[in-house]
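Observations on the three-dimensional arrangement
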Amino acid sequence: MRCISFDKLCLIHNLIYRQGTGTPEEFAEKVGLSRSQLGKYLSYFRYDLKVDVAYDRYRQTYYYDGEDFFSVLQTTLCHA
């Protein structure tokens, strides 16, 4: 990912943490991204930051399946 916005990361984290993302289309709209851009941010979370983000089709929301973004970030910064 070429350029990421920390503000967008925080907004994405907040919605995932509260489990208030909605469908992928709704989530992208809430954070002001296209669906493909949102996918890139979620890939960044999953593969670069090693944050387990999953989607619950029944509840129609993304959620953390393990440590959340800031927990991983804190662990990474404190052990660097």
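Scope of this entry: the structure provided in the associated data block. Quantities reported herein were computed from a predicted structural model and do not represent experimental measurements.

**Focus on the overall build of the chain**
Of regular secondary structure, the chain possesses four helices and two strands. Starting at the N terminus, the α and β elements of the chain follow one another as α-α-α-β-β-α. Relative to its 80 residues, the chain shows a buried fraction of 36%. In the form shown here, the chain has an accessible surface area of approximately 5,400 Å², with 48% of it arising from carbon and sulfur atoms.

**Some words on the pairing of strand 1 (residues 53-56)**
Along a regular strand, successive side chains alternate from one face of the sheet to the other. Of the pairings in the sheet, the one linking strand 1 to strand 2 (residues 61-64) comprises four bridges and is antiparallel in character. Note on strand 2: the bridge partner recorded for Ala54 is Tyr63. Between strand 1 and strand 2, which follow one another and run antiparallel, lie four residues, and Gln60 among them has a positive phi close to 50°.

**Here we look at the side chain of Asp56**
Looking at where Asp56 falls in the secondary structure, it is placed in strand 1. Among the polar contacts made by the side chain of Asp56, one reaches the side chain of Arg59 at a distance of 2.8 Å. If sequence neighbours within four positions are ignored, Asp56 has contacts with Thr61 and Tyr63.

**Points about helix 1 (residues 6-17)**
Between the first and last C-alpha of helix 1 there are 16 Å, a value that for 12 residues agrees with the 16 Å anticipated at 1.5 Å per step. Between the side-chain oxygen of the N-cap and the backbone nitrogen of Asp7 there are 3.3 Å, and the N-cap of helix 1 in question is Ser5.

Rules and cut-offs
Residues numbered from 1 in each chain as written. Predicted model: local features only at pLDDT ≥ 70, side-chain atom pairs only at ≥ 80, totals over all residues. Heavy atoms only, no water. Helix = DSSP H or I, 4+ residues; strand = E, 2+ residues; numbered from the N terminus. Buried < 20%, exposed > 50% of the residue type's maximum accessible area, 1.4 Å probe, protein only. Areas by Shrake-Rupley, 256 points an atom, 1.4 Å probe, with all protein chains shown as cover. Pairing = 2+ DSSP bridges. Polar contact = N/O pair within 3.5 Å; in protein donor to acceptor, adjacent residues only side chain to side chain. Contact = heavy atoms within 4.5 Å. Expected span 1.5 Å × (residues − 1).

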